[in-house]
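So the chains spell out like this:
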Amino acid sequence: MTLMNAETYRESLRQRKPLKVWLDGKQIDNVIEHPYIKASINSVALTYELAHDPELKPLMTATSSLSGETINRFCHLHQSTQDLMSKVKMQRLLGQRCGTCFQRCVGMDALNAVFATTFDMDKKLGTTYHERFKAFALAMEKNDWIVDGAMTDPKGDRGLRPSEQTDKDVYLRVVEERADGIVVRGAKAHQTGAINSHQILVMPTVAMKADEQEFAICFSISADAEGISYIYGRQPCDERKLANDEASDIDSGSSCYGGQEALIVFKDVFVPNANIYMNGETEFAGTLVDRFASYHRQSYGGCKVGKGDVAIGAAASIAELNGAAKASHVKDKIVEMNHLNETLFACGIACSANGSKMASGNFFVDPLLANVCKLNVTRIPYEIARLLQDIAGGLMVTLPSARDWLNPETAGILEKYFAGAAGLDTRLRIRMLRLIENLTMGRGAVAYLTESMHGAGSPQAQRILISRLANVDEKKIYAKALAMNNSLETVEAAIRAGLTKVRGGKKV
Ligand code: SF4
Ligand code: FE
């Protein structure tokens, strides 16, 4: 059993074959030390390091259902609703610690979704994917891998099905079947932590129709496999990190940690049979997508709340540094921020507490509540960020460069005119404003805001799921029974008769 720490994780990345990574117009070879990437590796490394902290171990680790060993929770198949809640609490904790995306949740969510779906597929279709996937799950926990759960295809023209696209490669697909495996071509977009991962677990991007078999594909592959390349995603203000000096540290807002997204390109990549967990079983593509999406929508009820805690801490701090902490409207706004943030946490906990055991043995979240959680995530962090910017004041966006603070000719002027509350450190005020800028408009906003909108599916996807799962027909029965009857007995009888009818004759 391996329980890596931050350093052994970094070393394990160095052990990979050189990745083909393009960043800002150039192919780079320093994928561990590049200033953009280094900060994102630090965020992932936290998930390893904190697993060794005696106090945090109960949250950061779990007992494997496959091996009985103590493993990192990110490699765990959830065995109870308690496990699901611990996952959310762990994500909140990590969000508080780094204030950005720690990238490892997509692999955990894909692990649980593929485990359950291969089980169901084998049972219905007589395939043998589950044992194969179990071997992958065991290797994942044994090696303490970070796995990129790769779902989102670029999708080309959204009005066309995969096979109708002018260039079919915009949906990742099988281009050749061989006796020993398959060859795939395509890409996965917005891939969180892709370059910091050991493995990629590819899943279909949408439900597939019966004739879309070439796109109904699920497999795992090493991040350094032949034919895979990466093009790094730009983030707002990322160039502020490039100089790698004190001024760029200050101006980047949060210099230690960062997130990471990239486009992964699969150029005729060979996948051996042992690594394939779905190949053409179109009727299960939608199930896999929905399960992964629900798990990841639950994840946001933890990770975004942790980042929200940082936002609230920043609001309270800057209010003090500005000398406005006692103003009643500021106090009230901070109460509102807490109310909103804990509402999200309540959603994350609720969909976990109301989870249930699947046939495969691992636990699934309540999908309706997970979708409600994520739909709230598309709004609440934006409102928290708005209140944070309100409390911070306009200086957040008009502040001179840190180089002017470090230049003796201008430092005194800035100290004089940007001093805030009496007796408090002007430099701390400046750094706090940069943190707020980062969190609400800079690199940190990718993880806290933009990803809140589109990560784990855009808001319309949650609306569709909510409309499918909310069971409005049953709600109509309650309303009609109450409106139409005038005795306790007939109300109850009407409800029971109605429920029996909508539940396909199953007596209630
Ligand atoms: Fe985890 Fe949040 Fe990053 Fe998704 S956005 S990988 S849930 S930290
Ligand atoms: Fe995400």
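Parameters at a glance
- Residues numbered from 1 in each chain as written.
- Chains lettered and ligands numbered in written order.
- Predicted model: local features only at pLDDT ≥ 70, side-chain atom pairs only at ≥ 80, totals over all residues.
- Heavy atoms only, no water.
- Helix = DSSP H or I, 4+ residues; strand = E, 2+ residues; numbered from the N terminus.
- Rg over C-alpha atoms; globule rule 2.2 N^0.38 Å.
- Buried < 20%, exposed > 50% of the residue type's maximum accessible area, 1.4 Å probe, protein only.
- Domains from an automatic or database assignment.
- 1 Å grid on protein atoms, 1.4 Å probe; cavity = no way out; pocket = protein on both sides within 12 Å on 5 of 7 lines; lining within 4 Å.
- Points joined across faces, edges and corners; volume = space filled by probe spheres on them.
- Donors = N, O, S within 2.8 Å, 3.2 Å for Na, K, Ca; no water.
- Contact = heavy atoms within 4.5 Å.
- Salt bridge = Lys/Arg side-chain N within 4 Å of Asp/Glu carboxyl O.
- Polar contact = N/O pair within 3.5 Å; in protein donor to acceptor, adjacent residues only side chain to side chain.
- Phe/Tyr/Trp six-rings, centres within 6.5 Å; stacked < 30°, edge-to-face > 60°.
- Lys NZ or Arg CZ within 6 Å of the ring centre and 35° of its normal.

### Brief notes about the overall build of the protein chain
Thinking step 1. For the protein chain, the count of helices and strands is 19 helices and 14 strands.
Thinking step 2. Radius of gyration (C-alpha) of the protein chain: 25 Å, near the 23 Å computed for a compact globule of 508 residues.
Thinking step 3. With the C-alpha coordinates of the protein chain rotated into their principal frame, the extents come out at 80 × 70 × 50 Å.
Thinking step 4. For the protein chain, the proportion of its 508 residues judged to be buried stands at 55%.

### Observations concerning the domain arrangement of the protein chain
Thinking step 1. Here the domain parsing of the protein chain yields domain 1 (289-353 + 368-465) and domain 2 (471-502).
Thinking step 2. Each of domain 1 and domain 2 was reduced to a C-alpha centroid, and the two centroids are 45 Å apart.

### Looking at empty space enclosed by the protein
Thinking step 1. Per the stated rule, a full pass over the model turns up four cavities of 30 Å³ or more.
Thinking step 2. Roughly 80 Å³ of volume is contained in the largest cavity.
Thinking step 3. In terms of lining, the largest cavity is formed by Cys101, Phe102, Gln103, Cys105, Val106, Thr192, His296, Tyr300, Cys303, Lys307 and Glu451.
Thinking step 4. Those elements that place two or more of their residues in the lining of the largest cavity are helix 5 (105-125) and helix 8 (285-322).
Thinking step 5. For the lining of the largest cavity, the element with the highest residue contribution is helix 8, accounting for four residues.
Thinking step 6. Within this model, the second largest cavity holds a volume of roughly 70 Å³.

### Looking at the coordination of the iron ion (ligand 2)
Thinking step 1. Protein coordination at the iron ion (ligand 2) comes from His296 (NE2) and Tyr300 (OH), with a distance range of 2.3 to 2.6 Å. With histidine 296 and tyrosine 300 both in helix 8, this residue pair falls four residues apart, about one helical turn.
Thinking step 2. Exposure remark for histidine 296: the relative accessible area of 9% places this residue in the buried category.

### Some thoughts on the environment of leucine 433
Thinking step 1. You can see leucine 433 is positioned in helix 15 (residues 426-441).
Thinking step 2. Along the chain, leucine 433 and leucine 399 lie 34 residues apart, while their C-alpha atoms are 8.5 Å from each other.
Thinking step 3. Setting aside its immediate chain neighbours within four residues, leucine 433 contacts Ile318, Ala392, Leu395, Met396 and Leu399.

### Side note on unusual backbone geometry
Thinking step 1. Even without a glycine there, the phi angle at histidine 190 is positive, about 55°.
Thinking step 2. On the secondary structure map, histidine 190 appears in strand 7 (residues 181-192).
Thinking step 3. Of the residues examined, histidine 190 reaches a relative accessible area of 58% and is grouped as exposed.

### Here we look at the pattern of salt bridges
Thinking step 1. Per the stated rule, a full pass over the model turns up 35 salt bridges.
Thinking step 2. Between aspartate 169 and arginine 185 there is a salt bridge; the shortest N-O distance is 4.0 Å. Placement of aspartate 169 in the loop between strand 5 (147-150) and strand 6 (173-178) and of arginine 185 in strand 7 is noted, with a sequence separation of 16 residues between them.
Thinking step 3. A single network of salt bridges, built from pairs that share partners, joins Lys168, Asp169, Arg173, Arg185, Glu214 and Asp268.

### Some thoughts on helix 10 (residues 367-377)
Since there are 3.6 residues in each turn of an α-helix, residues three or four apart along the chain are aligned in direction.
Thinking step 1. All of the buried residues in helix 10 are Ala370, Asn371, Cys373, Lys374, Leu375, Asn376 and Val377.
Thinking step 2. On its buried face, helix 10 is in contact with helix 8, helix 9 (328-353), helix 11 (380-392), helix 16 (443-454) and helix 17 (459-469).
Thinking step 3. The N-cap residue of helix 10 is aspartate 366: its side-chain oxygen and the backbone nitrogen of leucine 368 are 3.0 Å apart.

### Description of the packing of aromatic side chains
Thinking step 1. Inspection of the entire model under this criterion finds eleven aromatic pairs.
Thinking step 2. When the centroid spacing of 6.2 Å and the interplanar angle of 90° are considered together, the rings of phenylalanine 219 and phenylalanine 266 count as edge-to-face. Here phenylalanine 219 is found in strand 9 (residues 217-222), whereas its partner phenylalanine 266 is found in strand 11 (residues 261-272), with 47 residues between them in sequence. Judged on exposure class, the residue phenylalanine 219 and its partner phenylalanine 266 are both buried.
Thinking step 3. With a centroid separation of 5.2 Å and an interplanar angle of 80°, the aromatic rings of tyrosine 295 and phenylalanine 364 are classed as edge-to-face. Of this pair, tyrosine 295 sits in helix 8 while phenylalanine 364 is found in strand 14 (residues 363-364), placing the two residues 69 residues apart along the sequence. When sorted by exposure, tyrosine 295 lands in the same class as phenylalanine 364, which is buried.
Thinking step 4. Through pairs of rings, three or more aromatic residues link up here, namely Phe133, Phe136, Trp145 and Tyr277.
Thinking step 5. Lying over the aromatic face of tyrosine 48, arginine 104 brings its terminal NZ or CZ to 4.0 Å of the ring centre.
Thinking step 6. Taking the ring centre of tyrosine 300 as reference, the NZ or CZ of lysine 304 above it sits at 4.3 Å.

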